[in-house]
Amino acid sequence: MARKLAEEKGIDINQVPGSGDNGRIVKRDVDSFVPGKAAPAAPAAAPAAGAPAPQVAAFAAIGEESFNEVPVSQMRKAIARRLSESKFQAPHFYLTMEINMDNAMAAREAINKISPAKVSFNDMVIKACAMALRQHPDVNSSWRGDVIRYNQHIHVGSAVAVDEGLIVPVIRFADQKSFSQIAAEAKSLADKAKNKKLQPNDYSGNTFTVSNLGMMGIESFTAIINSPDSAILAVGAIKEIVVADKGQFKTTNVMKVTLSCDHRTVDGAVGSRFLVTVKNFLENPVNMLV
């Protein structure tokens, strides 16, 4: 009733103070309400005397819209075809793990004091993966339609970026080679790739692949499986973090890796056990020398 009466009198019901229970507005409040005078609007602030009004210069584009088209190279076409086939035919799933690299860093420093070839962290990852594949042969496999091929040999590909795209030179029998041998071969293949001197045998026959973007500061990423492999390991940067240890804070170095698996050949538990073995090798590098 109060609301209807206020509408008939042209009164804003929100301005009427309520005298009923809990401040409820009743009829007598509307009858006795006397609208107050509207407060005068504050005058607009005048610009300071002599101060010019701010002005923004009109945008003037330099040049005009343009683009450049470059014919797709045969290498780029091959890369696009292979990766598309892998991504859309192989059902990918991903497993990410953090690896403590303190012991690996100390071991690498000691190894490089006597190694004829400078050993990189990527060389250590290749060796760890190769030895883990020996223990987990299900990951060293490929889908062949009616059959699954379990490779007895271990050939680890290592992705290398070149001007035309990405190419994967292969370290053959990597599980049988020392850190120094892997380092020397990896450097030789990378140089051939950059100088366009790779032969087909240099970038074919892989049974597993490692892709490392850690040297570019990438902490973690996922990689597309390099067919016909069943898995590829994406390696991120080594990062120093602070952790709690027995009530004390200390710094430690960690590296994230992500394993992309083809679910047709590698189940989640199989891929997880493989990744745990890689982690154990890298956290205890001396085990790779036994």
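Residues numbered from 1 in each chain as written. Predicted model: local features only at pLDDT ≥ 70, side-chain atom pairs only at ≥ 80, totals over all residues. Heavy atoms only, no water.

Student: So what about the overall build of the protein? Which residues, and what values?
Tutor: Looking only at helices and strands, the protein features seven helices and 10 strands. Over its C-alpha atoms the protein spans a radius of gyration of 34 Å, topping by over 25% the 19 Å that the globule rule assigns to 290 residues. Dimensions of the protein along its principal axes, counting C-alpha atoms only, are 100 × 60 × 50 Å. With 290 residues in all, the protein has 39% of them scored as buried. (Helix = DSSP H or I, 4+ residues; strand = E, 2+ residues; numbered from the N terminus. Rg over C-alpha atoms; globule rule 2.2 N^0.38 Å. Buried < 20%, exposed > 50% of the residue type's maximum accessible area, 1.4 Å probe, protein only.)

Student: I'd like a rundown of the sheet that holds strand E4 (residues 156-158), residues and numbers included.
Tutor: Within the open sheet, the six strands sit side by side as E1-E10-E9-E8-E4-E7. Their pairing is mixed. For this open sheet the edge positions go to strand E1 (92-100) and strand E7 (170-171), each flanked by a neighbour on one side alone. Taken together, the 13 bridges between strand E9 (residues 231-245) and strand E10 (residues 248-262) define a ladder with antiparallel strand orientation. In the sheet register, Lys239 faces E10, and the bridge partner there is Val254. (Pairing = 2+ DSSP bridges.)

Student: Could you give an account of unusual backbone geometry, naming the residues involved and the relevant values?
Tutor: Omega for the peptide link from Ser227 to Pro228 comes to 10°, which places this bond in the cis form. At Phe173, a residue that is not glycine, the phi angle is positive and equals roughly 50°. Its location among the elements puts Phe173 in the loop between E7 and helix H6 (179-194). Judged by its relative accessible area of 40%, Phe173 falls in the partly exposed class. Even without being a glycine, Lys196 presents a positive backbone phi close to 60°.

Student: How would you explain the side chain of Arg172 if you had to name every residue and give the values?
Tutor: Among the structural elements, Arg172 can be located in the loop between E7 and H6. A distance of 2.7 Å separates the side chain of Arg172 from the backbone oxygen of Ser204, its partner in a polar contact. Setting aside residues up to four positions removed in sequence, Arg172 forms contacts with Ile154, His155, Lys177, Glu185, Asn201, Ser204 and Gly205. (Polar contact = N/O pair within 3.5 Å; in protein donor to acceptor, adjacent residues only side chain to side chain. Contact = heavy atoms within 4.5 Å.)

Student: Can you break down the packing of aromatic side chains residue by residue, with the values?
Tutor: Taken as a whole, this structure holds one aromatic pair when the rule is applied. Sitting over the face of the ring of Phe121, Arg108 holds its NZ or CZ atom 4.6 Å from the ring centroid. (Phe/Tyr/Trp six-rings, centres within 6.5 Å; stacked < 30°, edge-to-face > 60°. Lys NZ or Arg CZ within 6 Å of the ring centre and 35° of its normal.)

Student: How would you explain the environment of Met101 if you had to name every residue and give the values?
Tutor: Take Met101: it is sitting in the loop between E1 and helix H4 (102-111). When the C-alpha positions of Met101 and Gln15 are compared, they lie 70 Å apart, and in sequence the two are 86 residues distant.

Student: Describe the confidence of the model for the protein, and please don't skip the residues or the numbers.
Tutor: This prediction gives the protein a mean pLDDT of 90; 95% of its residues lie at or above 70. Within the model, pLDDT remains below 50 along residues 37-42, and this stretch shows zero contacts once partners closer than five positions in the same chain are excluded. (pLDDT = per-residue confidence, 0-100.)

Student: Would you mind going over the pattern of salt bridges in detail, with residue names and values included?
Tutor: Close approach of charged atoms lets side chains of opposite charge pair. Under the counting rule described, the total for this entry stands at nine salt bridges. A salt bridge links Asp191 to Lys187; the nearest nitrogen and oxygen atoms lie 3.1 Å apart. Placement of both Asp191 and Lys187 in helix H6 is noted, with a separation of four residues, approximately one turn of the helix. Overall, Asp191 belongs to the partly exposed group, its relative accessible area being 33%. (Salt bridge = Lys/Arg side-chain N within 4 Å of Asp/Glu carboxyl O.)

Student: So what's going on with helix H7 (residues 268-283)? Which residues, and what values?
Tutor: The first and last C-alpha atoms of H7 sit 22 Å apart over 16 residues, in line with the 22 Å expected at 1.5 Å per residue. Turning to H7, its buried residues are Val270, Gly271, Phe274, Leu275, Thr277, Val278, Phe281, Leu282 and Glu283. The inward-facing, buried residues of H7 abut E1, H4, helix H5 (121-135), strand E8 (208-212), E9 and E10. (Expected span 1.5 Å × (residues − 1).)

Student: Just give me the short version of helix H1 (residues 2-9), but keep the residues and values in it.
Tutor: Buried residues of H1: Ala2, Leu5 and Ala6, and no others. Buried residues of H1, viewed axially, fall in a sector of 100°; they line one side. Facing away from the buried side of H1 by over 90 degrees, the exposed positions are Arg3, Lys4, Glu7 and Glu8. In this structure, the buried residues of H1 make contact with helix H2 (27-32). A positive phi of about 70° marks Gly10, the residue just after H1. (Arc of directions from axis to C-beta.)

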